Amino acid sequence: MVRREVFKVAFATIVRKEVNRFVRIWPQTILPPAVSMALYFVIFGNLIGTRVGQMDGFSYIDFIAPGLIMMSVMNNAYANVVSSFFGAKFQHHVEEMLVAPIPNWVILAGYITGGVLRGLAVGVVVTAIAMCFTHLRVSSVLTIIAILLLTTVLFSLGGMVNAIYAKKFDDISIIPTFLLTPLIYLGGVFYSIDLLPPFWKAVSYANPIVYMVDAFRYGLLGTSHTHLGAAFAIITLFVIALGGYALTLLERGTGIKS
Amino acid sequence: MNALEILGLEKVYANGTHALHGINLQVAEGDFFALLGPNGAGKSTTIGIVSSLVKKTAGTIRVFGHDLTQNWFEARSLLGIVPQEINFSQFETSLEIILNQAGYYGLPRPLAMERAEKYLTQLGLWERRNDLSRTLSGGFKRRLMIARALVHEPKLLILDEPTAGVDVELRRSMWTFLRDMNRGGTTIVLTTHYLEEAESLCQHVAIIDHGRIIERTTIKELLATLPTETFVLDLDTVMESPPALPQYALRMRDRTTLEVDLARGQDMNDLFINLTHSNVRIRSMRNKSNRLEELFLSRVNRNPEPEKGNGQA
Ligand SMILES: Nc1ncnc2c1ncn2[C@@H]1O[C@H](COP(=O)(O)OP(=O)(O)OP(=O)(O)O)[C@@H](O)[C@H]1O
Ligand SMILES: [Mg+2]
């Protein structure tokens, strides 16, 4: 059989398996972000937001909507890959793929695509919820699509690397809790980084999530603090670096081959 | 053509365990081959390396002439593996597991469905195709592992203790199944702890011990070197040492239990007559359970602990 055909079918198989997985366990995968999104909108949007007043020239609820959507998308892309791949390691069925005539990049691409699709699926759900609370506008569809794709790819890659190194279930929640959540909360989801004193503003620019949230907000609201080109360049760089790293780990068999 | 060729295979695990010391092994196309050895000998390590699940330290593996490292695509495509430990996704059904596996080998969906039905039916699993794998009993899980390994119709099938924990009836039906596969042209390599299994199925055998192949022969020749049978005799007489009967290999297991190896040509009547003459009273008698263990013991005694002669490097 022709290699390329085999790889294509194998890739489609992994993607299908990944989608089936998160759809089958939707109360764990799709429902929680929907619930927390509704809570965020009620509490920050309606109750507190009305007292906050304007942020970057928008009502508070309009300002945080893009950040909240982005936050769900990031978390879920990451969570999908880290729990699915770690589960495959833990139950040893990752071996089914390692024995088969498929290269590591196909395995990686399959899992990343799974994470991207989970991120996007959750993105659609939370956007629908956001629309119940506020009127979302769209300023640049192209920016929205590009930034969503790059961000979900990046967070899926992050989940993959985490899963590769993870030895026990605790290990798959350490990074999200102690690294991702702080970076996301400090990434300009809830406030405009213009509010920060110059020092903290400069520090914030070292946080890649600031660029992603900002670029996404630009796609929706048409306003941003960062240079859009710089944002894309930084995210792309991270994707390449993390992608190369994940692939190297798979090639070495780190955490999966003794 | 050799279905499997292993040259100078070395494995040192990360914790320093030197599991394989230069394994060399050839399995001819069409053979039914048994890899025998006591626990910890290195069977699963060898199979793990052939399956690309364990990283080799040194050596070469070829599957139908394709180098597993350089031509991994061809080599892996020809290979089907049934591992020792169950490794399914707990949350997938038998059918999903088989269809996924087919997908990993590039089988288009319609063909995958066809094969899934064929092999799940052959292994008596078709009615249970929609059951989650974790709800299957141990025997069914073993069968599902075999069905999974066959879905891409490999030319070389390697099974690591496929009948461990399987009841007698199912074991016999697996034997028939594997024998038919082999007649149909599939080369089969299996490991087992049951000599009867190797005896009933295999043509050639290799014995591995402490990471070295210590014997490579036909099953017929191997059996010919075995004492026909070892018996355990429970005595009414209490004895410190076995009776002086030099024509028999006798050992005291404890003061009222005697073990005897009956060689070819020795019969039981003579043994009893001789024991009676020596004033040994026998209450009951049974077969020593595992002949294969006996075999290993006799081989390992002949080949003293290999680590020692080597010096520590
Ligand atoms: N992942 C591992 N890390 C370190 N040592 C290992 C690992 N796997 C196996 N070993 C060691 O390698 C040696 C060979 O083990 P292996 O599993 O290959 O034996 P085996 O012949 O399959 O035994 P069994 O009949 O019990 O299945 C043993 O000493 C074992 O402890
Ligand atoms: Mg083993």
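The model shown is predicted, which means the values in this text are computed figures rather than measured ones.

Participant: Break down the overall build of chain A for me, citing the residues and quoting the values.
Facilitator: A tally of regular secondary structure across chain A gives eleven helices and two strands. In chain A, the succession of α and β elements from N to C terminus is α-α-α-β-β-α-α-α-α-α-α-α-α. What you see for chain A is a C-alpha radius of gyration of 19 Å, in line with the 18 Å of a compact globule of 258 residues. Based on the C-alpha atoms only, the size of chain A along its principal axes is roughly 60 × 35 × 35 Å. Counting only residues that meet the buried cut, chain A has 52% of its 258 residues in that class. A total accessible area of about 11,200 Å² is found for chain A, and carbon and sulfur atoms account for 71% of it. Distance between charge centres in chain A, computed from 17 positive and 11 negative side chains, equals 4 Å.

Participant: Talk me through the side chain of Arg76(B); I want residue IDs and the actual numbers.
Facilitator: Summarising the element assignment, Arg76(B) is placed in helix α2 (residues 72-77). Among buried Asp, Glu, Lys and Arg side chains, Arg76(B) stands out as unpaired, with Glu251(A) the closest opposite charge at 7.6 Å. A distance of 3.3 Å separates a polar side-chain atom of Arg76(B) from the backbone oxygen of Leu98(A). Filtering out sequence-adjacent residues up to four positions away, Arg76(B) remains in contact with Leu98(A), Val99(A), Ala100(A), Pro101(A), Ile102(A), Ser52(B), Leu68(B) and Tyr105(B).

Participant: An account of the site of ligand 1 is needed here, citing residue identities and associated values.
Facilitator: Among the 16 residues in the neighbourhood of ligand 1, the closest are listed as Asn39(B), Gly40(B), Lys43(B), Ser44(B) and Thr45(B). Around ligand 1 the close residues trace back to chains A and B. Here an oxygen atom of ligand 1 and a side-chain polar atom of Ser44(B) are 2.8 Å apart. Contact with the protein chains covers 68% of the free accessible surface of ligand 1, which is 630 Å². Considering every element that reaches the shell around ligand 1, the biggest residue donor is helix α1 (residues 43-50) of chain B, with three residues. Split into classes, the residues belonging to the shell around ligand 1 amount to four nonpolar, ten polar and two charged.

Participant: Give a description of the pairing of strand β10 (residues 212-218) of chain B that names residues and reports values.
Facilitator: Residue and element names in this part refer to chain B. Summarising the sheet, strand β9 (residues 204-209) and β10 pair through six bridges and their orientation is antiparallel. Within the sheet, the bridge partner assigned to histidine 204 lies in β10 and is threonine 218. Remark: two residues form the turn of the hairpin made by β9 and β10, two consecutive strands paired antiparallel; histidine 210 in that turn has positive phi of roughly 45 degrees.

Here is what the cut-offs are and how they apply
Residues numbered from 1 in each chain as written. Chains lettered and ligands numbered in written order. Predicted model: local features only at pLDDT ≥ 70, side-chain atom pairs only at ≥ 80, totals over all residues. Heavy atoms only, no water. Helix = DSSP H or I, 4+ residues; strand = E, 2+ residues; numbered from the N terminus. Rg over C-alpha atoms; globule rule 2.2 N^0.38 Å. Buried < 20%, exposed > 50% of the residue type's maximum accessible area, 1.4 Å probe, protein only. Areas by Shrake-Rupley, 256 points an atom, 1.4 Å probe, with all protein chains shown as cover. Lys, Arg positive; Asp, Glu negative; His and termini not counted. Charge placed at Lys NZ, Arg CZ, Asp CG, Glu CD. Salt bridge = Lys/Arg side-chain N within 4 Å of Asp/Glu carboxyl O. Polar contact = N/O pair within 3.5 Å; in protein donor to acceptor, adjacent residues only side chain to side chain. Contact = heavy atoms within 4.5 Å. Near = heavy atom within 4 Å. Nonpolar A, V, L, I, M, F, W, Y, C, P; charged D, E, K, R; others polar. Pairing = 2+ DSSP bridges.

None of this, on its own, says anything about what the molecule does.
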